[in-house]
Amino acid sequence: MPKDTSIKSVLIIGSGPIIIGQACEFDYSGSQAALSLKEEGIEVSIINSNPATIMTDKVIADHIYLRPLTVESIEQILIEQKIDAVLPTMGGQTALNLCKEAEERGVWEKHGVKVIGVDVAAIEKTENREAFRQLMVDIGVGVATSKIANSFLEGKEAAQTIGYPLVIRPSYTLGGSGGGFVHRKEEFDAALKRGLEASPTHEVLVEQAVLGWKEYELELLRDSNDNVIIICSIENFDPMGIHTGDSITVAPAMTLSDRCYQDMRNQAIRMMRAIGNFAGGCNVQFSVNPANDEIIAIEINPRVSRSSALASKATGYPIAKIAAKLAIGYNLDEIENQITKTTSAYFEPTLDYVIVKVPRWNFDKFKGANKELGLQMKSVGEVMAIGRNFIEALQKACQSLEINRAGLGADGRQIRNLDEIMEGLEHPSWNRLFLIKDAMSLGVPIESIRKVTRIDKWFLNQIHELVVLETELKRYSLNNIPADFFMTLKQKGFSDVQISWLLGNVSEDDVYNRRKELGINRVYKMVDTCAAEFPAQTPYYYSTFEEENESQVSDRKKIVVLGSGPNRIGQGIEFDYSCVHGLLAAKESGFEAIMINCNPETVSTDFNMADKLYFEPVFWEHVREIIDLEKPEGVIVQLGGQTALKMAEKLKDNGIRIIGTSFDDMDIAEDRGRFSDLLKELDIPYPRYGVAENAEEALEVANQVGYPVLVRPSYVLGGQGMSIVINDEDLEKAVVKLLGDLPGNRVLIDHFLDRAEEAESDSICDGEDVHIVGMMEHIEPAGIHSGDSSAVLPPFALSQNVQDQMEAYSVKLAKALNIRGLLNIQFAVKDEKVYVIEANPRASRTVPFIAKAYDVPYINIAAKIMLGVNKLKDFTIERKLEGFAIKEPVFSYEKFPEVAKELGPEMKSTGEAIRFIKDLEDPYFRHLYKEKSMYLSK
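Quick look at the structure, then.

Rules used throughout
- Residues numbered from 1 in each chain as written.
- Predicted model: local features only at pLDDT ≥ 70, side-chain atom pairs only at ≥ 80, totals over all residues.
- Heavy atoms only, no water.
- Core = buried A, V, L, I, M, F, W, Y, C linked by side-chain atoms within 4.5 Å.
- Buried < 20%, exposed > 50% of the residue type's maximum accessible area, 1.4 Å probe, protein only.
- Contact = heavy atoms within 4.5 Å.
- Pairing = 2+ DSSP bridges.
- Helix = DSSP H or I, 4+ residues; strand = E, 2+ residues; numbered from the N terminus.
- Axes fitted to C-alpha atoms, helices over the stretch in contact; angles between N-to-C directions.
- Phe/Tyr/Trp six-rings, centres within 6.5 Å; stacked < 30°, edge-to-face > 60°.
- Parallel < 35°, antiparallel > 145°, perpendicular 65-115°, else oblique.
- Left-handed = near helix turned anticlockwise from the far one by under 90°.
- Nonpolar A, V, L, I, M, F, W, Y, C, P; charged D, E, K, R; others polar.
- Salt bridge = Lys/Arg side-chain N within 4 Å of Asp/Glu carboxyl O.
- Lys, Arg positive; Asp, Glu negative; His and termini not counted.
- Polar contact = N/O pair within 3.5 Å; in protein donor to acceptor, adjacent residues only side chain to side chain.

On to the nonpolar core. Counting 151 residues, the largest nonpolar core has I12, L87, Y317 and V356 as its most contacted members. Setting aside its immediate chain neighbours within four residues, L87 contacts V10, L11, I12, I13, A33, L37, I116, G117, A324 and A327. Residues V86, A122, L220 and I269 belong to the second largest nonpolar core, which totals 51 residues.

So, on to the sheet that holds strand β28 (residues 770-778). Overall, antiparallel pairing links the 7 strands, which are arranged β31-β30-β27-β28-β29-β32-β33 in an open sheet. A strand with exactly one partner marks an edge of an open sheet, and here the two such strands are β31 (833-840) and β33 (911-917). Sheet twist, expressed as the average angle between the axes of neighbouring strands with direction ignored, equals 30 degrees. Across 3 bridges, the pairing between strand β29 (residues 791-793) and strand β32 (residues 884-890) is antiparallel. Bridging across to β32, L793 finds its partner in A885. Most of the contacts of helix α28 (residues 800-816) go to strand β30 (residues 821-830), to which it runs at about 140 degrees, and overall it touches β27 (757-765), β28, β30 and β31. Packed on one face of the sheet, helix α29 (residues 847-854) meets β27, β28, β29, β30, β32 and β33 and runs near 100 degrees to β28.

Let us look at the packing of aromatic side chains. When we look at a pair of aromatic rings, we describe it by the centre distance and by the angle of the planes. On inspection of all chains with the given rule, the structure shows 17 aromatic pairs. For the ring pair F796 and F925, a centre distance of 4.8 Å and an interplane angle of 85 degrees mean the geometry is edge-to-face. Here F925 lies in helix α31 (residues 923-937) and F796 lies in the loop between β29 and α28, a separation of 129 residues in the sequence. Comparing F796 with F925 shows no difference in burial state: the two are buried.

Strand order in the open sheet made by the 6 strands is β17-β18-β21-β20-β19-β22, with mixed pairing throughout. Each edge of the open sheet is held by one strand with a lone partner, namely β17 (523-526) and β22 (634-636). Sheet twist, expressed as the mean angle between neighbouring strand axes with direction ignored, is 30 degrees. Pairing of strand β19 (residues 558-562) with β22 involves 3 bridges; the strand directions are parallel. Counted as the bridge partner of V560 is V635 from β22. Here helix α20 (residues 573-588) sits on the sheet in contact with β19 and β20 (592-597), set at roughly 160 degrees to β20.

A separate point is helix α24 (residues 663-670). Counted residue by residue, α24 has 7 buried out of 8 residues, so it is predominantly covered. Listed as buried for α24 are F663, D665, M666, D667, I668, A669 and E670. Where α24 is buried, its residues meet α22 (641-645), α23 (648-653), α25 (672-681) and β31.

Close contact between helix α19 (residues 508-517) and helix α21 (residues 620-630) brings their axes to 12 Å; oriented N to C, the two are set at 45 degrees. Classified by the interaxial angle, the pair formed by α19 and α21 is oblique. As α19 packs across α21, the resulting crossing turns out to be right-handed. Residue-level inspection shows E508, D509, Y512, R515 and K516 of α19 in contact with α21, the latter providing W620, E621, R624, E625 and D628. Its residues assigned to classes, the contact of α19 with α21 comprises 2 nonpolar, no polar and 8 charged.

In the structure shown here, the tally under the stated rule is 63 salt bridges. Of the charged contacts, one joins E75 and K110 as a salt bridge, the two residues approaching to 2.9 Å between their closest N and O atoms. Taken together, the residues span a long stretch of sequence, with E75 in helix α2 (residues 71-81) and K110 in helix α4 (residues 107-111) at a distance of 35 residues. With relative accessibility at 19%, the residue E75 sits in the buried group. Residues participating in the shared-partner salt-bridge network are K490, D496, R515, K516, R522, E621 and E625.

Positionally, H785 belongs in the loop between β28 and β29. Judged by relative accessible area, H785 falls into the buried class, the value being 11%. For the pair H785 and E546, spaced 239 residues apart in sequence, the C-alpha separation works out to 47 Å.

One can describe the packing of helix α16 (residues 457-473) onto helix α17 (residues 483-491) by two numbers: an axis separation of 11 Å at closest approach and a directional angle of 145 degrees. Crossing of α16 against α17: the hand is left-handed. Contacts between α16 and α17 involve L469, E472 and L473 from the first element and F485, T488 and L489 from the second. Its residues assigned to classes, the contact of α16 with α17 comprises 4 nonpolar, 1 polar and 1 charged.

Before going further, it helps to examine the pairing of β32. The buried count for β32 comes to 7 of 7 residues, which makes it a mostly enclosed element. What you see with β32 is no split at all: F884, I886, E888 and V890 on one side and A885, K887 and P889 on the other are buried throughout. With 7 bridges connecting them, β32 and β33 associate as antiparallel partners. The residue of β33 that forms the bridge with E888 is A913.

What follows concerns the side chain of K313. Mapped onto the elements, K313 comes out in helix α10 (residues 306-315). Put simply, K313 is tucked away with no salt bridge, and the nearest opposite charge, on D606, sits 6.6 Å away. Among the polar contacts listed, one links the side chain of K313 to the backbone oxygen of P600, at a separation of 3.0 Å. Separated by 2.7 Å, the side chains of K313 and T605 make a polar contact. Setting aside chain neighbours within four positions, we find K313 in contact with Y28, M384, Y540, N599, P600, E601, T602, T605, D606 and F615.

Further remarks concern the environment of T661. With respect to the element layout, T661 can be found in the loop between α23 and α24. Judged by relative accessible area, T661 falls into the buried class, the value being 0%. In this structure, the C-alpha to C-alpha distance between T661 and L817, residues 156 residues apart in sequence, is 8.2 Å. Residues contacting T661, with those up to four places away along its chain left out, are Q638, M666, L817, N818, I819 and R820. A distance of 3.3 Å separates a polar atom in the side chain of T661 from a polar atom in the side chain of Q638. A polar contact of 3.0 Å, which involves the side chain of T661, links it to the backbone nitrogen of R820.

Let's shift gears to unusual backbone geometry. The linkage connecting Y707 with the following residue, P708, adopts the cis geometry, with an omega of -5 degrees. Mapping P708 onto the fold places it in the loop between α26 (695-705) and β24 (709-713). Between L793 and P794 the backbone carries a cis peptide bond, its omega angle lying at -10 degrees. Mapped onto the secondary structure, P794 falls in the loop between β29 and α28. Unlike most non-glycine residues, K82 shows phi in positive territory, near 50 degrees. Its location among the elements puts K82 in the loop between α2 and β4 (85-87).

Here's what the structure looks like:
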């Protein structure tokens, strides 16, 4: 069936601020869907309150509404834009719940708006736990024994009937919020209370716990002719009991028998057809008893999910893009395969490689948090790696995590305490994967590990192979490793750093040079959806060690953009936004734009965004070899946050040009001693400071500069390790802990300006002129991390004198640091005197917010200045903000109820929203102003 020509205008509902359980995978899906609809000549409007995403940028949709996600906001848009249809399946649970609320209030019917991509009735069937259970029973799909409960008494009765262990699943929640396992009767009352309170309908499912069963997911698409295809099977490395968002996952499924897989396919298709007649996507989760292959359904999500983004990147099949076309009436066989360009979308991808997703946690930001993994999702991001085999992909994923690991072990960070290891295996946390390898290295039998973890033996045998190879490698020195064994090591994902550590007394460069002498080179394979059965035209690559290299190097001038790696607190989606604009600017300037990143949730890793995408770890060895192959004009590091920035020194040392501000000038800003010398030279006030390498030196510095002091490491993001201390005893503890957590780092000690206000500026410099992008006044005082503070654009209470000082210092520093591109400066203001706290010569957390507030493409402008193709005078910059814009931090404390919610110098927020107000009499603003006054009077 051709597209529905009655649909000329579509509203896409976004997912709002980033929170744990609903991250930037929906930014990717929503952006892809919007571009897909625009291709069809449809006018696209987007509502989303998140300023940090590319989804809310004018390059994605015709009309962007940065408004609160409420029915009232939606109704206003329906009137303004004369919307024909709404697509609520791209914004996660937030969008589905909002769509359902609008339906119940009669909004869609009132305005003649069609809901596409899902049936509203399907939302109720899948989110209402009892309705879902009954539907599965009716269609003959197995489910765990369960009972619904709307009260404490009903919950107690259900538990008595089902028995322990059991699981509590609240209805209509996200990321498993409020859910959990109950192993003993004594734990039940508190768990039931938590679940009932978490559900917006005060409803929970009390269910039999199938602990130790294996968990799988299938991604499905269906068209209006009822054709259904399975895009991807995904297997959880971890057994049932850990939220799938916190589990390592593998595609395609590794340990699933063909008979069981076919049965699972049939059940998934039956489930999708049973919940409604809509055309679109679904994610289905199953559990399988390893003893007899019994299958039970866990849940079905009638929308793109966290795993849809993963499956899209894993297969090259753009699920959200195709789902959007299905929603407007196309059938699968009428849509072109986006990769081969010669076949239709009515096919199931075939993988001749393995992908592994590993979650990224930030427990270090939540002091006192319960780190044990369970039904509630706690990870803040994820990485994906592609390899020719499972273990290669797993090692590459470990290299991608940004936790200073060179792979799975063999890097000097192993744990040797057997009791600690076994405790960690039984009570899974962020490091269980590494503990499994450590246990094997100490000789713990595979069967003992299997019994404790219930992880399938096939995976454990794969990891054990690494231990065997490491033992073999230790028999050699670098110069007598047989070439075929060296090749085997690389094919199993061992990095040069790991090999150098295992050999001892050789460097990473020594290993690199030796394997080059042996002709052992990384080659690149194309992700083509069809295992090379048809020619592919999309340049989307991963590395491995074989003979044939499929990445053909063009003779065009090239620019490499280094991505920001996994989402984590302090380095979120705003850096991916910046990277996407860097790619677009490079393409618009005539360069071949090359992206290197490992985050499956993001728009930068959509194969349509760059001219060439390398889905690889942002890890020196991988970056180095891509640069060796492509020979770019230079590399942009300013846009990828600390992940990219910390690679600048190695790029410089290897003679690779850094686009924009030079490494030495960036290093002045990062090196507190050099930076303070510069401030002194420029006659710019700054807090008294000192640098220490141990606790004794720290005490000496603190007594010189005067308490209270701010203690922090150098070269970190998001205020990692920062603390404010008021005496020698606390200082000694803080320094010892900091140096223990970040060995080799230096400690910066600044006099803390008590009761000072905080403000910041972002600017662009082309070497001659400086443009102030924006100046913001914080609500919270100095001492609260800027990422956790509400900020108002432009300043509302800072005097003109203070603002003049901020502007003057911004201009002085931009020129003194020879900035080519972006500069963010943090200020403290006390008694009308402005102090510079720090300067960041890179894209900041706040530039996307300012760009959206003023409706100016600042990152694109900055990137073109970095590239040297434009000067500031080439741009006409017109700001369009009427009134004020407020940046509001968003927290995910509900995942960690045991954690103190007090804010400080270390960032804790997971996302942000934007709010516009016309004047300072706005009630919301008055509340913030009162809050600021209260802070400063304390």
